[in-house]
Amino acid sequence: MRKKIVAGNWKMNLDFAGAEELAAAVAERLEGEKLQCEVVICPPALYLEMATDFAEESVLKVGAQNVSNRDNGAFTGEISAAMLASLDVDYCIVGHSERRKYFHEDNAFLAGKVDKLLDHGLTPIYCCGELLEEREKENHFNIVEQQISEGLFHLNDSEFYNLVIAYEPVWAIGTGRTASPEQAQEIHAFIRGLIIKKYGRELADETTLLYGGSCNAKNARELFSQPDVDGGLIGGASLKATEFVQVVNSF
Ligand code: 13P
């Protein structure tokens, strides 16, 4: 279902006390605000229960950063979709470029994770985006099309309805070099076009497309004002409560 979303991906940062402080500060700053979007925090897995406790008493939603592609059993170190569901986690990031790069997760493997999340009623935030050299060779449309078709186009209509896509150009992540609003709009419109071709306009119009990559309090408003940008997946700027809330208030 299409909605405006700002999600903070905390990545592998903060100790427990710091995470608790950040969740509390964000929840407190959002209290009583007239929000134009859904607000999601995605802490490290170890802190999810703490975060869902805050979510129970605030407007916050909670997302995990990763999930296993297996159901249960002898998979040391893994966390299943059922486990996330049992903590009332709402979302889960899948296919972040850092997982694609450092953990060699490919589109077919990620498709399995998407399935497990949907089976357990969680909303996948499926990430796509090209490397700098791919953009320089003007191959970014092909890369993103492949990531989306191989990772998601096995889903039926009702499954597809329950996911979010985040476009995160790898060259913009953690670099301070954000995509321009025009670049973001161009590729978001392209992604929506792919969905129109596969599932039809109605479903494409119901799909939430987030932008991620050096999105912060200074540039969020312009990015979010693009017609096909429905919000953001925020890294560095989500680690400071004041700045994150400024991003949240950028619609
Ligand atoms: P930055 O906002 O730090 O560039 O990170 C973006 C990101 O990877 C969110 O998932």
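Please read all numbers here as calculations on a predicted model, not as lab measurements. (Residues numbered from 1 in each chain as written. Predicted model: local features only at pLDDT ≥ 70, side-chain atom pairs only at ≥ 80, totals over all residues. Heavy atoms only, no water.)

### Examining the sheet that holds strand 1 (residues 5-9)
Here is the rule we go by: Any two strands are treated as partners once DSSP identifies two or more bridges connecting them. Each helix is a run of H or I in the DSSP string that is no shorter than four residues. Each strand is a run of E no shorter than two, and both are numbered from the N terminus. Interaxial angle, 0 to 180 degrees, is taken between N-to-C directions of lines fitted to C-alpha atoms, where a helix line uses only the stretch in contact. Throughout, a contact is declared for two residues whenever any of their heavy atoms are within 4.5 Å.
Strand order in the closed barrel formed by 8 strands is 1-2-3-4-5-6-7-8, and the pairing between neighbours is parallel. For this sheet the average axis-to-axis angle between neighbouring strands, irrespective of direction, equals 25°. In this sheet, strand 4 (residues 91-94) lies alongside strand 3 (residues 61-64) in parallel orientation, the contact comprising 2 bridges. Bridge pairing in strand 4 links Gly63 to Tyr91. Relative to the sheet, helix 5 (residues 107-119) contacts strand 4 and strand 5 (123-128), its axis offset from that of strand 5 by approximately 160°. Docked against the sheet, helix 7 (residues 140-152) engages strand 5 and strand 6 (164-167), running at close to 150° with respect to strand 5.

### Topic: a negative patch on the surface
To keep it simple, the criterion reads: Like charges are joined within 9 Å and nonpolar side chains (Val, Leu, Ile, Met, Phe, Trp, Tyr) within 5 Å, but only among residues with over 30% relative accessible area and no salt bridge; these make up the patches. The method behind every accessible area is Shrake-Rupley, applied with a 1.4 Å probe, and residues are considered shielded solely by the protein chains displayed. What counts as a salt bridge is simple: a side-chain nitrogen of Lys or Arg found within 4 Å of a carboxyl oxygen of Asp or Glu. For this count, His and the chain ends are skipped, Lys and Arg are scored as positive, and Asp and Glu as negative. A charge is said to be at NZ when it belongs to Lys, at CZ for Arg, at CG for Asp and at CD for Glu.
The grouping of Glu49, Asp53, Glu56, Glu57 and Asp88 at the surface amounts to a negative patch. Residue placement: Glu57 occurs in the loop between helix 2 (48-56) and strand 3.

### Focus: the packing of aromatic side chains
Applied cut-off: Note on ring pairs: Phe, Tyr and Trp rings are taken, using the six-membered ring of Trp, and paired if centres are within 6.5 Å. Classes follow the plane angle, with under 30 degrees stacked, over 60 edge-to-face and the rest tilted. We call a residue buried when its accessible area falls under 20% of the maximum for its residue type, exposed when it is over 50%, and partly exposed in between, using a 1.4 Å probe and counting protein chains only. We call a charge positioned over a ring when the NZ of a Lys or the CZ of an Arg lies within 6 Å of the ring centre and within 35 degrees of the ring normal.
Inspection of the entire model under this criterion finds 7 aromatic pairs. Ring centres 4.7 Å apart and planes at 20° place the aromatic pair Phe224 and Phe251 in the stacked group. With a gap of 27 residues between them, Phe224 in helix 11 (residues 220-224) and Phe251 in the segment after helix 12 (241-248) connect regions that are remote in the sequence. What makes Phe224 buried here is its relative accessible area of 4%. Each member of the aromatic cluster is reached from another via a ring pair, and the members are Phe153, Phe160 and Tyr199. Here Arg99 stacks its cationic end above the ring of Phe103, 4.1 Å away from the centre of that ring. Above the plane of the ring of Tyr199 lies Lys198, whose end atom (NZ or CZ) is 6.0 Å from the centre.

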